[in-house]
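# Structure assessment
One letter stands for each residue in the lines below.
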Amino acid sequence: HLAPNFWAKLVSLPLHTVDLQNVDSFFISSIKSISTIEKSGVTADTFNEVIPIDRFQIQNSHGTVQPIVPGGEEIKLTFNNRKVFAACALKFRMEEGDEQIEAVLRGMSSIIPAPLFRFMTGEALEAWVCGKPEIDLNLLQKIVRYRDMDKGHYLIVWFWRILSRFTNEDRVALMRFVSGRSRLPSDIADVSQRFQIMKTDKCKDGLPTSQTCFFQLRLPEYSSESVMEEKLRYAIHNCRSIDADNYMLARNVESAHSGFEEHEGII
């Protein structure tokens, strides 16, 4: 996920100190400490003994030391110019990445006129591009397709009841488990693949499996709703790898050629 600052800049909103605080609190705390260091009893005589920075240069987001003003590597940081340093450092971090933002804007403008972004908030643009961070159960139920079961099957009834008790963090984990992504599109019209739930012949009370390339969840038989919830929670929070997808695709093709359906999923 991209930082809120990224989306705010795309819609031409000005950044404030609090915006940077949300993504790099240590930097903001350090700059404030330098600017108001006299409150800690530090004087011009002891300033350079306390502050490890000696020039107008700081580490950028990549960890590379870079001047915060032209010729900053030659400007000595002192007690008397510390507030100028703090202001320049803050401005440097606020404007860091502007070149990349402009490149992204040029790319997006080839699809949608960039001036339209000015009528949006950063949060609205992020939701439009990436989907909402909250998993909407109503939307998920509208795009589901059942295989070998219907909505009245006890496994399906249990499944939706379990999801209604899940936190959004749990639902995001489920999305990653079954699709490899953490969000649903904001608009149902943008859903390109339906969510599939099917029953498998695996051992009773076993772990559920999935195939992320097919947005598919595979459920074995369960003896109770509580057992199903326990197994589902374990699977979604302890299996985050989708490296086996290509392997499973190849096996599915082989299964189709041999005339039977493959019931093994990924976990």
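For clarity, every value in this text was computed on a predicted model and none was experimentally measured.

### Thoughts on the overall build of the protein
- Within the protein one finds 12 helices and 6 strands.
- When each of the 267 residues of the protein is scored for burial, the buried share is 39%.
- Long-range pairs, those at least 24 residues apart, make up 63% of the contacts in the protein with a sequence separation of at least 6.
- When the accessible area of the protein is evaluated, it comes to approximately 15300 Å², of which 54% is carbon and sulfur surface.

### A word on the packing of aromatic side chains
- In the structure shown here, the tally under the stated rule is 7 aromatic pairs.
- Their ring planes at 75° and their centres at 4.8 Å tell us that Tyr154 and Trp158 sit as a pair that is edge-to-face. Residue Tyr154 and its partner Trp158 are located together in helix α9 (residues 154-165), separated by 4 residues, close to a single helical turn.
- Note on Phe159 and Trp160: the rings are 5.0 Å apart at their centroids and 75° apart in plane angle, and the pair reads as edge-to-face.
- Note on Trp160: relative accessible area 11%, which makes it buried.
- Over the ring of Phe79 we find Arg82; its NZ or CZ atom is 4.1 Å from the centre of that ring.
- The lysine or arginine in question, Arg181, covers the ring of Phe215, its NZ or CZ lying 4.9 Å from the ring centre.

### A word on the pattern of salt bridges
- Taken as a whole, this structure holds 12 salt bridges when the rule is applied.
- Across the pair Glu229 and Arg165 runs a salt bridge whose closest N-O atoms are separated by 2.7 Å. Of this pair, Glu229 sits in helix α11 (residues 225-238) while Arg165 sits in helix α9; the two residues are 64 residues apart in sequence, bridging distant segments of the chain.
- The shortest N-O distance in the salt bridge between Asp170 and Arg233 comes to 2.9 Å.

### Some details on helix α7 (residues 122-130)
- For α7, every residue scored as buried is listed here: Gly122, Leu125, Glu126 and Ala127.
- Elements that come into contact with the buried residues of α7 comprise α1 (4-10) and α6 (98-109).
- Looking one or two residues beyond α7, the residue adopting positive phi is Gly131, at roughly 95°.

### Quick look at the pairing of strand β6 (residues 216-219)
- On β6, burial covers both faces: Gln216 and Arg218 on one face and Leu217 and Leu219 on the other are all buried.
- The pairing of strand β5 (residues 209-211) with β6 spans 3 bridges and is antiparallel. Looking at the pairing, Ser210 lines up with Leu217 of β6.
- In this antiparallel pair of consecutive strands, β5 and β6, the connection spans 4 residues, and Phe215 shows a positive phi of 55°.

### What about the sheet that holds β5?
- Taken in spatial order, the 4 strands of this open sheet run β3-β4-β6-β5, and their pairing is mixed. The open sheet has two free edges, formed respectively by β3 (144-147) and β5, since each of these has just one partner strand. The average undirected angle you get between the axes of adjacent strands in this sheet is 20°.
- Looking at chain direction, β3 and strand β4 (residues 195-199) are connected through 4 bridges and run parallel. Across the sheet, the residue bridging to Tyr146 is Ile197, located in β4.
- Each of β4, β5 and β6 is contacted by helix α10 (residues 168-179), which is oriented at about 60° to β5, the strand it contacts most.

Scoring rules and cut-offs
- Residues numbered from 1 in each chain as written.
- Predicted model: local features only at pLDDT ≥ 70, side-chain atom pairs only at ≥ 80, totals over all residues.
- Heavy atoms only, no water.
- Helix = DSSP H or I, 4+ residues; strand = E, 2+ residues; numbered from the N terminus.
- Buried < 20%, exposed > 50% of the residue type's maximum accessible area, 1.4 Å probe, protein only.
- Contact = heavy atoms within 4.5 Å.
- Areas by Shrake-Rupley, 256 points an atom, 1.4 Å probe, with all protein chains shown as cover.
- Phe/Tyr/Trp six-rings, centres within 6.5 Å; stacked < 30°, edge-to-face > 60°.
- Lys NZ or Arg CZ within 6 Å of the ring centre and 35° of its normal.
- Salt bridge = Lys/Arg side-chain N within 4 Å of Asp/Glu carboxyl O.
- Pairing = 2+ DSSP bridges.
- Axes fitted to C-alpha atoms, helices over the stretch in contact; angles between N-to-C directions.

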